[in-house]
Amino acid sequence: MDAHDDTKADAATEAFVAHRNLLFTVAYEMLGSAADAEDVLQETWLRWTNVDLDAVRDHRAYLVRVTSRQALNRLRTLSRRKETYVGPWLPEPLLTTPDVADDVELAESVSMAMLLVLETLTPTERAVFVLREVFAFDHDEIARSVDKTPAAVRQIAHRARAHVAARRPHAPASPAAARGALAAFQRAIETGDVRHLLDVLAPDVVLLSDGGGVRHAALRPVVGAAKAARLLSAGLGPDLTAEPTHVNGAPALLVRLAGELDGILTVGVDGGLVTHLYYVRNPAKLSRLAHETPLRR
């Protein structure tokens, strides 16, 4: 490789590194899986190294386009894989940097609640919604990413917005409300007293627990405060501890059993009461909780 080639390789690396956090965020929001998002970034990098940079006018747009295409291909595969998943499927939680919570729109877009809403879209609808509503790409650029016409993208975007609007939480919980609810869970874990839980659970609360067939978890959503509290209290004991943290831009609890990470608990709150509980126990989904993951728009 001559000096000119070295310069081009350096420029390619510099551009990719500059946009890496953005590319990861795009892939993660489309897939709900950090592991799959990392695979998509690897595929994007391999394609990027073979591109003539002199012919690329906008590095950011080009890289997002490649990432979106790779994520869309993988999303179709994941959709088939999830059909055989044991029990409820929850997104892979990320330990996030404090600045994610400061960007309210970004924090909502990566919340457990929103990622589960996005799961109800078709792969193309999800890609269009993420690129348009979260990252504000124009219809022409999105069309190049999903191999549709701009007119088709406008129709898909409208349909996806309506679908999400009908299913998204009406009033996303404030960090303070989420912290207050999780404090009650922490007290229950530390004291074994479930009365604190019942005080903050909505009567029709929904508990989703994801063990992936590897760890014990309810195979169906658990509905109702009494049932949810009973299931949660069954695991309480002196070996169980909880530590406040931030996951996917929102307050959460790291739950440990005998000092080992057992799972991550996040909540949805409305009107001061917990309406949704998300407990991820699948060990394959807990690898991104040791170090913060920077997310960018």
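To keep things clear, this report deals only with the structure shown in the data block. Given the structure is predicted, the values throughout are model-derived calculations rather than measurements.

**Thoughts on the overall build of the protein**
Piece 1. The helix and strand inventory of the protein stands at 12 helices and six strands.
Piece 2. In terms of overall size, the protein behaves like a compact globule, its C-alpha atoms giving a radius of gyration of 21 Å where 297 residues would be expected to give roughly 19 Å.
Piece 3. Principal axes of the C-alpha set define a box for the protein whose edges measure 65 × 45 × 35 Å.
Piece 4. Among the 297 residues that make up the protein, the fraction classed as buried is 49%.
Piece 5. Long-range pairs, those at least 24 residues apart, make up 67% of the contacts in the protein with a sequence separation of at least 6.
Piece 6. For the protein, the exposed surface amounts to about 14,200 Å²; the carbon and sulfur share of it is 53%.

**Quick notes on the packing of helix α7 (residues 123–134) against helix α8 (residues 139–146)**
Piece 1. Between α7 and α8, the least distance of the axes is 10 Å, while the angle of their chain directions is 145 degrees. Crossing handedness for the pair α7 and α8: right-handed. Contacts between α7 and α8 involve A127, V128, L131 and R132 on the former and, on the latter, H139, I142, S145 and V146.
Piece 2. Residue composition of the contact of α7 with α8, by class: five nonpolar, two polar and one charged.

**As for the sheet that holds strand β1 (residues 201–210)**
What holds strands together in a sheet is hydrogen bonding between their backbones, with the strands either parallel or antiparallel.
Piece 1. Sheet architecture is open: six strands sit in the order β2-β1-β6-β5-β4-β3, paired in mixed fashion. The sheet terminates laterally at β2 (222–223) and β3 (240–247), the two strands that pair on one side only.
Piece 2. Note that β1 and β2 share two bridges and pair antiparallel. Directly across from L207, in β2, lies its bridge partner V222.

**Quick notes on the nonpolar core**
Piece 1. With 52 residues, the main nonpolar core has F24, Y28, M30, W48 and L118 as its most contacted residues.
Piece 2. Mapped onto this core, the elements with two or more residues apiece are α1 (3–31), α2 (34–48), α3 (59–82), α5 (104–109), α6 (112–118), α7, α8 and α9 (150–167).
Piece 3. Considering each element in turn, this core owes the most residues, 11 residues, to α1.
Piece 4. Leave out the neighbours within four places in its chain, and M30 touches S68, A71, L72, L75, R126, A127 and V130.

**Looking at helix α10 (residues 175–191)**
Piece 1. Its 17 residues place the ends of α10 24 Å apart at the C-alpha level, agreeing with the 24 Å of an ideal helix rising 1.5 Å per residue.
Piece 2. Listed as buried for α10 are A178, A181, L182, A184, F185, Q186, A188 and I189.
Piece 3. Looking one or two residues past α10, G192 carries a phi angle of roughly 80 degrees, positive in sign.

**Quick word on the packing of α3 against α8**
A pair of packed helices can be characterised by two numbers: the angle between their axes and the separation between those axes.
Piece 1. At a closest axis distance of 8 Å, the pairing of α3 and α8 adopts a crossing angle of 45 degrees. Comparing their axes, α8 and α3 come out oblique. Of the two elements, α3 crosses α8, and the hand of that crossing is right-handed. Note on element contacts: α8 touches α3 through E141, R144, S145 and V146, opposite A61, R65, S68, R69 and L72.
Piece 2. Considering only residue class, the contact of α3 with α8 consists of three nonpolar, two polar and four charged.

**A short note on the pairing of β1**
Piece 1. Counting buried positions along β1 gives eight out of 10 residues, so the element sits mostly inside the fold.
Piece 2. Bridging between β1 and strand β6 (residues 273–280) involves six bridges; their strand directions are parallel. Bridging from a neighbouring strand, V206 pairs with H276 of β6.

Cut-offs used in this document
- Every chain's residues receive numbers from 1 upward, in the order its sequence appears when written.
- Local features in this predicted model are restricted to residues of pLDDT 70 or higher, and side-chain atom pairs are both shown and tallied only at a pLDDT of 80 or more, whereas totals for entire chains, interfaces and linings draw on every residue.
- Each side-chain value is worked out from all heavy atoms of the structure, with water and hydrogens disregarded.
- Helix and strand labels come from DSSP, where a helix needs a run of H or I of at least four residues and a strand needs a run of E of at least two; each type is numbered from the N terminus.
- Our radius of gyration looks at C-alpha atoms and nothing else; its globule reference is 2.2 Å times the residue count to the power 0.38.
- Burial classes: relative accessible area under 20% of the type maximum marks a residue as buried, over 50% as exposed, and values in between as partly exposed (1.4 Å probe, protein chains only).
- Residue contacts are defined here by distance: any two heavy atoms, one from each residue, within 4.5 Å place the two residues in contact.
- Here the open area of atoms and residues is found with the Shrake-Rupley method and a 1.4 Å probe, where only the protein chains shown may cover a residue.
- Axes, fitted as lines to C-alpha atoms, cover a helix only where it is in contact. Angles between the N-to-C directions of the axes lie from 0 to 180 degrees.
- In this scheme, a crossing is called left-handed if the near helix is turned counterclockwise away from the far one by less than a right angle; it is called right-handed if the turn is clockwise.
- Here the nonpolar group is Ala, Val, Leu, Ile, Met, Phe, Trp, Tyr, Cys and Pro; Asp, Glu, Lys and Arg are the charged ones; every other residue, Gly included, is treated as polar.
- The pairing criterion is simple: DSSP has to find at least two bridges between the two strands.
- Working definition of a nonpolar core: buried Ala, Val, Leu, Ile, Met, Phe, Trp, Tyr and Cys residues. They are joined through side-chain atoms within 4.5 Å.
- Every helix has an expected span of 1.5 Å times one less than the residues it contains.
- Any angle that falls under 35 degrees is termed roughly parallel, while one over 145 is termed roughly antiparallel, one within 65 to 115 roughly perpendicular, and all others oblique.

None of this, on its own, says anything about what the molecule does.
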